[in-house]
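The primary structure of each chain is shown beneath.
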Amino acid sequence: MKELYEGDSYGKNNPTWHEEDAPWKASQIEHIMKRNNLPHEHICEIGCGTGEILLNLERTFPTARLSGYEVSPDAFRRAAPKATHHTQFYLKDLLDEPNLQFDVVLIIDVIEHVEDYISFIKRLRPFGTFKVFHIPLDLSAQSILRAWPIAELRRNVGHIHYFFKQSALATLEDCGYTIVDHCYTASRLELPNQAWTSRLMRLPRRLLFAAEPDLAVRLLGGYSLLVVAT
């Protein structure tokens, strides 16, 4: 699976590297960081793609130093020219840089792509005081019954692990993390360029979520989980 990102396959399947999603994702991160008064002098993102999330966060935290680590040469070629005085990008695996320490490490839509995600999560612990995970909740009654949405995620964007809320939180706790805060994000409802089937499901998802959030996500999906952990 690593070859998908270190080669050009992912870029061919996803030519924008989902840059259009970055403002929305950055706004979710900003909200939960401010809600928990997280320090932000030095923020790092592992698997930063083309860097757009960090560049959006730079506008929110203009005095912060932001570092983006990416293993894909294709994504790095797009990120590097956009570096600023406050935001720098590195074509490196953060886990190979053992002496680095940050206030906050962002792991945004990453662990579902990593073959040995348990080891990956455990090895991340020393790198930051706080970690912010964004984890797609791909498992729902609807996705299992229909089957093809999960198959498409595997083929097109490389999701090889699938979570629901309880399994995501339990995974982090089993890896030694303490959960500080968590919330749902309406990823399939609010991100741009969604498939027509996702657009069709927006109203029933919102209506059921307003009444019973956990039940809505378990039955109909469409949400991700944003987690602050130490």
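One can find the structure itself at the top, above this paragraph.
Residues numbered from 1 in each chain as written. Predicted model: local features only at pLDDT ≥ 70, side-chain atom pairs only at ≥ 80, totals over all residues. Heavy atoms only, no water.

Caption draft 1: The nonpolar core, seen in detail. Ranked by size, the top nonpolar core spans 32 residues in total, and within it Leu94, Ile107, Ile111, Phe120, Ile121, Leu124 and Phe133 carry the most contacts. Of all the secondary structure elements, the ones that give two or more residues to this core are β1 (42-46), β4 (102-108), α6 (117-124), β5 (128-136), α9 (165-174) and β7 (224-229). A total of four residues in this core trace back to one element, the largest contributor, which is α6. Each residue touching Leu124, except ones within four places of it in the same chain, is listed here: Ile46, Leu94, Leu95, Val105, Ile107, Lys131 and Tyr177. Ile29, Val104, Cys183 and Leu226 belong to the second largest nonpolar core, which has 25 residues in total. (Core = buried A, V, L, I, M, F, W, Y, C linked by side-chain atoms within 4.5 Å. Buried < 20%, exposed > 50% of the residue type's maximum accessible area, 1.4 Å probe, protein only. Helix = DSSP H or I, 4+ residues; strand = E, 2+ residues; numbered from the N terminus. Contact = heavy atoms within 4.5 Å.)

Caption draft 2: Inspection of unusual backbone geometry at higher detail. If you check the backbone angles, Trp17 has positive phi at about 55 degrees while not being a glycine. With respect to the helices, strands and loops of the structure, Trp17 is situated in the loop between α2 (9-13) and α3 (22-35). According to the relative accessible area criterion, Trp17 is buried, its value standing at 11%.

Caption draft 3: Examining the pattern of salt bridges more closely. Under the defined criterion, the tally for this structure stands at 10 salt bridges. Taking the shortest distance from any N to any O, the salt bridge between Glu19 and Arg78 comes out at 3.2 Å. A residue pair is termed long-range when its members are at least 10 positions apart, and Glu19 in the loop between α2 and α3 and Arg78 in helix α5 (residues 73-79) qualify at 59 residues. When its relative accessible area of 23% is taken as the criterion, Glu19 is described as partly exposed. Where Arg77 meets Asp74, a salt bridge forms, and the shortest distance between an N and an O atom there is 3.8 Å. (Salt bridge = Lys/Arg side-chain N within 4 Å of Asp/Glu carboxyl O.)

Caption draft 4: Just the pairing of β7, in detail. Counting buried positions over the six residues of β7 gives six, a clear majority of the element. Of the two faces of β7, the one holding Ser224, Leu226 and Val228 and the one holding Leu225, Val227 and Ala229 are both buried throughout. Relative to β7, β5 runs antiparallel, the two sharing six bridges. Bridge assignment links Ile135 to a residue of β7, and that residue is Leu225. Two elements, strand β6 (residues 179-185) and β7, share six bridges in a ladder whose sense is antiparallel. (Pairing = 2+ DSSP bridges.)

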